[in-house]
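Results of the structural survey
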Amino acid sequence: MKKACKNCGKIHDKRYICDKKAISVYRDIKRSGREDIFRWSYDWKMKRTEIMKRDRYLCCACLNNLPGTVRRLNNEDLSVHHIRSLRTNYEQRLDNGNLITLCRMHHEMAEKGQISAEKLLRCIPPRGNFQKNLSCNPTTPPSVYEIFQK
């Protein structure tokens, strides 16, 4: 009996072990144990919620009209991204200045290096009241923040 492979999309005998499957298994193995443990921790879940609230449950890259933006006010399929990798900068895992809310597309682009860390750092909203600190983030037009006043 033949079956569609979920790893490569080709049709194989159902007993065939696809070469693409070995790559996905390897990717899971090379991930650090402490990173996985951290991602399931209570501290991370609370920090993730805090960052999403800070970013008003919107993708910061879309707000700043970075490449790949389809809609400026995007609140779909969001996640919190570590700008400086968790693997190389574990001590910054809960640092607000290293975390940003991104949609799936921008998160994938950031993971692949298609969006630089510097651009993402400039997208982080200023601390405190948005209106008082608009000059801190010149890449975002004030019109976007006027929406939040209401």
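Heads up: the structure comes first, above all this text.
Quick summary incoming for the structure in this document. (Residues numbered from 1 in each chain as written. Predicted model: local features only at pLDDT ≥ 70, side-chain atom pairs only at ≥ 80, totals over all residues. Heavy atoms only, no water.)

Here the focus is the nonpolar core. Cys59, Leu66, Val80, Ile100, Leu102 and Leu120 are the most contacted members of the largest nonpolar core, which totals 24 residues. The set of elements that each furnish at least two residues to this core consists of helix H3 (42-54), helix H4 (60-63), strand S3 (78-82), strand S4 (99-103), helix H5 (104-112) and helix H6 (117-123). Among residues more than four places away in sequence, those in contact with Leu102 are Cys59, Ala61, Asp77, Leu78, Ser79, His81, His107, Ala110 and Leu120. (Core = buried A, V, L, I, M, F, W, Y, C linked by side-chain atoms within 4.5 Å. Buried < 20%, exposed > 50% of the residue type's maximum accessible area, 1.4 Å probe, protein only. Helix = DSSP H or I, 4+ residues; strand = E, 2+ residues; numbered from the N terminus. Contact = heavy atoms within 4.5 Å.)

Turning to the environment of Leu94, a few remarks are in order. Within the secondary structure, Leu94 sits in the loop between S3 and S4. The exposure class assigned to Leu94 is partly exposed, which follows from its relative accessible area of 29%. The sequence separation of Leu94 and Lys47 amounts to 47 residues, and the corresponding C-alpha distance is 6.7 Å. Ignoring sequence-local partners within four residues, the contact set of Leu94 consists of Phe38, Asp43, Trp44, Lys47 and Leu99.

Okay, the pattern of salt bridges next. As enumerated under the stated definition, the model contains five salt bridges in all. Arg87 is paired through a salt bridge with Glu35; the nearest N and O atoms lie 3.6 Å apart. Of this pair, Arg87 sits in the loop between S3 and S4 while Glu35 is found in helix H2 (residues 33-39), placing the two residues 52 residues apart along the sequence. Accessibility expressed as a relative area gives 48% for Arg87, which makes it partly exposed. Glu35 gets classed as buried once you look at its relative accessible area, which sits at 4%. The partner of Asp55 in a salt bridge is Arg54, with the nearest N and O atoms 2.8 Å apart. (Salt bridge = Lys/Arg side-chain N within 4 Å of Asp/Glu carboxyl O.)

Now for a positive patch on the surface. On the surface, Lys3, Lys6, Lys14 and Arg15 cluster together to form a positively charged patch. Positionally, Lys6 belongs in the loop between strand S1 (2-4) and strand S2 (11-13). (Patch = residues over 30% accessible without salt bridge, like charges linked within 9 Å, V, L, I, M, F, W, Y side chains within 5 Å. Areas by Shrake-Rupley, 256 points an atom, 1.4 Å probe, with all protein chains shown as cover. Lys, Arg positive; Asp, Glu negative; His and termini not counted. Charge placed at Lys NZ, Arg CZ, Asp CG, Glu CD.)

In this section: the environment of Thr49. Here Thr49 is to be found in helix H3. By relative accessible area, Thr49 is classed as partly exposed at 34%. Each C-alpha atom, one on Thr49 and one on Thr101, is 10.0 Å from the other, the two residues being 52 residues apart in sequence.

Listed in full, the buried residues belonging to H5 are His106, His107, Met109 and Ala110. Down the axis of H5, the sector holding all buried residues measures 165°, keeping them to one side. Opposite the buried face of H5, by more than 90 degrees, sit the exposed residues Arg104, Glu111 and Lys112. The elements touched by buried residues of H5 are H4, S3, S4 and H6. Phi for Gly113, located one or two positions after H5, is positive at around 85°. (Arc of directions from axis to C-beta.)

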